[in-house]
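Chains, contacts and geometry: an overview
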Amino acid sequence: MGQYYMRKGDVDAAIDRFQDAALAKPGYAIPFRYLGEAQEKKGLKKPAIKSYQRYLDLYPKAEDTEKIRKRIEKLYKEAEKDKKEIR
């Protein structure tokens, strides 16, 4: 359902559905990947980093591991930049 909402452009509903899926099956990695994607799209950098990291923790041999690590690094840098701009 979350992917359906993402395609429709309803990121908030997608986040809700991915969070529901992650709660229902906390040991299943895929909802965390999609949750990170939706959070990133919404501009929620720190939650996206946590979701992506949880995905990698659960699925360390994922085909997209390097891509996700790069996303985490990018988000971390953006979050740090945002923090400095606030000061």
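Residues numbered from 1 in each chain as written. Predicted model: local features only at pLDDT ≥ 70, side-chain atom pairs only at ≥ 80, totals over all residues. Heavy atoms only, no water.

1. Details of the packing of aromatic side chains
The full count for this structure, using the stated rule, is three aromatic pairs. Aromatic pair F18 and Y34: ring centres 5.7 Å apart, planes at 25°, arrangement stacked. Note that F18 is positioned in helix α2 (residues 11-24) and Y34 in helix α3 (residues 30-42), a separation of 16 residues in sequence. Judged by relative accessible area, which is 6%, F18 ranks as buried. Judged by its relative accessible area of 25%, Y34 falls in the partly exposed class. Their ring planes at 85° and their centres at 6.0 Å tell us that Y55 and Y59 sit as a pair that is edge-to-face. Residue placement shows R54 over the ring face of F32; its charged tip is 5.6 Å from the ring centre. (Phe/Tyr/Trp six-rings, centres within 6.5 Å; stacked < 30°, edge-to-face > 60°. Helix = DSSP H or I, 4+ residues; strand = E, 2+ residues; numbered from the N terminus. Buried < 20%, exposed > 50% of the residue type's maximum accessible area, 1.4 Å probe, protein only. Lys NZ or Arg CZ within 6 Å of the ring centre and 35° of its normal.)

2. Digging into the pattern of salt bridges
Overall, the coordinates contain 10 salt bridges when judged by the stated rule. Across the salt bridge formed by R33 and E37, the nearest N and O atoms sit 2.5 Å from each other. Of this pair, R33 and E37 both sit in helix α3, four residues apart, which is roughly one turn of the helix. Note on E37: relative accessible area 24%, which makes it partly exposed. K45 is the partner of D82 in a salt bridge, and the nearest nitrogen-oxygen pair spans 2.8 Å. Residue D82 is located in helix α5 (residues 65-86), and its partner K45 is located in helix α4 (residues 45-58); the two are separated by 37 residues in the primary sequence. (Salt bridge = Lys/Arg side-chain N within 4 Å of Asp/Glu carboxyl O.)

Limitation: the analysis is restricted to geometry and does not speak to function.
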